[in-house]
Amino acid sequence: MKRLTAPVRLIAAAALAAALVATSSAAQAAAASPAGAAAAAHRDRPAGGGADWVDTWTAMPQLTEPGNMPPAPFTQEDAVLADSTLRQTLHVTTGGSRIRLHFSNEFGGAPLPLTEVFVALPRDGRAGVSAIEPGSSLPVTFGGRASVTVPVGAQYVSDPIDLPVAPGTNLTVTAYLAQGQASQSITSHPGSRTTSYLIAGDQAQAGDLPGATPVDHWYFLSAVEAWSGRGTTATAILGDSLTDGRGSTTNGNNRWPDQLFDRLQSQRATDDVAVLNQAAGGNRVLNDGLGPSAISRLNRDVFAHSGVTRLLVFEGVNDIGTAAATPQAQDAVAADLITAFAQIVTQAHAHDIEVYGATLLPFGNNTGYDDPEGLRESARQTVNAWIRNSGTFDAVLDFDRAVRDPAHPDQLLPGIHDGDWLHLTPEGYGLLAGAVPTSLFRG
């Protein structure tokens with residue numbers, strides 16, 4: 001399925017408006033009848049063509065740090081987002097004829113009551129806007145119910161929504177929480193690089209939210225699935241801030257996984273590959289930090305997602321950079337990373353998932369990670385040599401070679417980092433995306 005042109009998007013929006021009354025009536029009837037609700041809950045296998053659910057967008061859930069909580073008055077002592085509307089946009093990868101939304105309360109300190117949820121097309125198809133296309137809003141139900149409470153530690157998946165989505169589409173998801181979540185422990189993805197909007201009262205069906213408070217975070221949403229054609233698969237990426245997109249353009253969707261998806265879409269042989277960004281800034285492989293460690297979240301962030309047949313592993317620099325700059329500590333972290341990577345491959349292979357390992361980028365001149373004796377650089381070289389030469393991974397992505405300065409191989413190329421000699425610009429992320437052979441995704 002290819003991207004829709006602007007005229008086709010407008011036609012799709014008009015068709016959604018025509019379908020809205022029927023969809024709303026069906027949802028109300030299902031909610032009024034236990035039998036109807038049960039039927040709605042099982043309408044997740046529409047007939048035809050060998051299609052199946054495949055994840056098309058993800059955001060790694062994590063506990064929200066104090067600085068990333070919704071600003072006042074949306075965070076109060078006894079509740080978060082009480083009597084508040086939350087509008088978010090997200091950028092799917094592959095498309096499909098229907099979608100399902102996932103809401104996570106994994107780190108919530110109390111149940112998450114969603115009073116009503118709607119999905120729509122954002123105005124002009126843009127990311128990070130508060131307005132939606134007129135007539136495009138559709139209600140989201142859970143077992144036929146418009147309201148649902150997600151228990152602590154749980155994830156809920158919506159009923160299928162009859163919303164055809166083209167590859168690369170931006171979607172708007174709006175939720176109203178009448179009671180709010182009765183805890184200051186909530187689940188989010190702080191590094192959204194996409195603007196969301198908060199406003200008081202029930203404005204879930206509003207065409208725009210003038211005066212809303214903008215925040216560059218996602219809350220509660222953790223995945224979108226699409227009812228996809230035969231042959232569609234998903235590729236998950238475990239990573240840190242370099243994959244989460246620090247240094248990329250807010251609302252630009254130009255992280256390296258986004259740019260990789262654009263490359264895959266440009267070729268007929270690979271335009272059925274979804275790209276799932278399961279990264280978070282500050283994440284580490286071995287130990288929890290900002291979010292659970294990579295080795296501990298394999299089941300949640302890779303194996304539990306529908307359609308995943310490939311895994312890209314690109315992290316470890318934070319493990320090296322936060323370990324003490326001593327020979328003993330750096331020898332230990334290098335050895336432990338190698339063991340952990342081998343474990344990731346073993347466990348993924350048990351799920352019939354191929355694993356591609358990416359070499360770690362240089363961080364010379366970075367204030368926090370570069371040490372005068374070069375001990376952390378030595379550990380990075382040890383890990384990279386193992387990634388390249390051990391044969392453990394099904395393929396190697398040499399990201400180090402793609403962005404290092406040939407004259408100073410312990411440093412990034414000048415002009416492609418955001419000033420800290422660690423994170424990249426959109427152009428630098430383009431070099432990473434260009435270093436991934438698209439032949440890995442064919443067949």
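This text follows the structure it describes.
Residues numbered from 1 in each chain as written. Predicted model: local features only at pLDDT ≥ 70, side-chain atom pairs only at ≥ 80, totals over all residues. Heavy atoms only, no water.

### Examining the packing of helix α4 (residues 256-265) against helix α10 (residues 426-434)
For the pair α4 and α10, the least separation of the axes is 8 Å and the interaxial angle reads 50°. Between α4 and α10, the crossing angle belongs to the class labelled oblique. The handedness of the crossing between α4 and α10 comes out as right-handed. On α10, the residues touching W256, Q259, L260 and R263 of α4 are P426, Y429, G430, L432, A433 and G434. Residues belonging to the contact of α4 with α10 are distributed by class as follows: six nonpolar, three polar and one charged. (Axes fitted to C-alpha atoms, helices over the stretch in contact; angles between N-to-C directions. Helix = DSSP H or I, 4+ residues; strand = E, 2+ residues; numbered from the N terminus. Parallel < 35°, antiparallel > 145°, perpendicular 65-115°, else oblique. Left-handed = near helix turned anticlockwise from the far one by under 90°. Contact = heavy atoms within 4.5 Å. Nonpolar A, V, L, I, M, F, W, Y, C, P; charged D, E, K, R; others polar.)

### Observations concerning the packing of aromatic side chains
With the rule as written, the count across this model stands at 12 aromatic pairs. Members of the aromatic cluster, each reached through a chain of ring pairs, are W256, F314 and F399. (Phe/Tyr/Trp six-rings, centres within 6.5 Å; stacked < 30°, edge-to-face > 60°.)

### Points about the pattern of salt bridges
Enumeration according to the criterion identifies 15 salt bridges in this entry. Two residues, R98 and D162, come together in a salt bridge whose shortest N-O distance is 2.6 Å. Taken together, the residues span a long stretch of sequence, with R98 in the loop between β3 (84-91) and β4 (99-104) and D162 in the loop between β9 (155-157) and β10 (170-177) at a distance of 64 residues. Residue class for D162 comes out partly exposed when judged on its relative accessible area of 45%. Between D301 and R297 there is a salt bridge; the shortest N-O distance is 2.8 Å. We classify R297 as buried; its relative accessible area is 1%. Shared partners join several salt bridges into a network, and the residues in it are E377, R380, R388, D398, D400, R401 and R404. (Salt bridge = Lys/Arg side-chain N within 4 Å of Asp/Glu carboxyl O. Buried < 20%, exposed > 50% of the residue type's maximum accessible area, 1.4 Å probe, protein only.)

### Section: the sheet that holds strand β17 (residues 273-279)
In sheet architecture, strand pairing relies on hydrogen bonds along the backbone and comes in two forms, parallel and antiparallel. Reading across the sheet, the five strands line up as β17-β16-β18-β19-β20 and stay open at both edges, with parallel pairing between neighbours. A single partner strand is all that each edge strand has here, and the edge strands are β17 and β20 (395-397). Averaged over neighbouring strand pairs, the angle between their axes works out to 25° when direction is ignored. As judged from the four bridges shared by strand β18 (residues 308-314) and strand β19 (residues 354-358), these two strands associate in the parallel manner. Bridge assignment links L311 to a residue of β19, and that residue is V355. Across the face of the sheet, α4 comes into contact with β16 (233-239), β17 and β18 while running at roughly 175° to β17. (Pairing = 2+ DSSP bridges.)

### Thoughts on the side chain of T194
Tracing the backbone shows T194 in the loop between β11 (187-189) and β12 (196-200). Discounting residues that sit within four places of it in the chain, T194 has contacts with T89, G128, V215, D216, H217, W218, T250, N251 and R255.

### Observations concerning the environment of W386
Within the secondary structure, W386 is located in helix α8 (residues 375-389). By relative accessible area, which is 18% here, W386 ends up buried. Sequence-distant contacts of W386, defined by excluding residues within four places in its chain, comprise I338, F341, A342, T392 and F393.

### Some points on the packing of helix α7 (residues 327-349) against α8
Relative placement of two packed helices is described by the angle separating their axes and the distance separating the axes. At a minimum axis separation of 9 Å, α7 and α8 run at an interaxial angle of 25°. By the angle between their axes, α7 is roughly parallel relative to α8. Here α7 runs over α8; the crossing is right-handed. Two secondary-structure elements touch here, α7 through P327, Q330, A334, L337, I338, F341 and A342 and α8 through L375, R376, A379, T382, V383, W386 and I387. Looking at the contact of α7 with α8, its residues break down into 11 nonpolar, two polar and one charged.

### Some points on unusual backbone geometry
With an omega of 5°, the peptide bond running from A72 to P73 counts as cis. Unusually for a residue other than glycine, N253 sits at a positive phi of about 45°. Tracing the sequence through the fold places N253 in the loop between α3 (241-244) and α4. Phi is positive for N365, which is not a glycine, with a value near 80°. A residue is classified by how much of its surface remains accessible, and N365, at 40% relative accessible area, is partly exposed.

### Side note on the environment of P372
Among the structural elements, P372 can be located in the loop between β19 and α8. Classification of P372 by relative accessible area gives exposed; the value is 80%. With 47 residues separating them along the chain, P372 and A325 place their C-alpha atoms 9.1 Å apart.

### Things to note about empty space enclosed by the protein
Inspection of the entire model under this criterion finds one cavity of 30 Å³ or more. Of the voids in this model, the largest cavity is the one considered here, and its volume is about 30 Å³. Forming the boundary of the largest cavity are A59, M60, P61, S104, T187, S188, H189, Y219, F220, L221 and S222. At the level of elements, β11 and β15 (221-228) are the ones that each hand at least two residues to the lining of the largest cavity. Looking at which element gives the most residues to the lining of the largest cavity, the answer is β11, with three residues. Taken together, the residues of the lining of the largest cavity sort by class into six nonpolar, five polar and no charged. (1 Å grid on protein atoms, 1.4 Å probe; cavity = no way out; pocket = protein on both sides within 12 Å on 5 of 7 lines; lining within 4 Å. Points joined across faces, edges and corners; volume = space filled by probe spheres on them.)

Function cannot be inferred from these measures alone, as they are strictly geometric.
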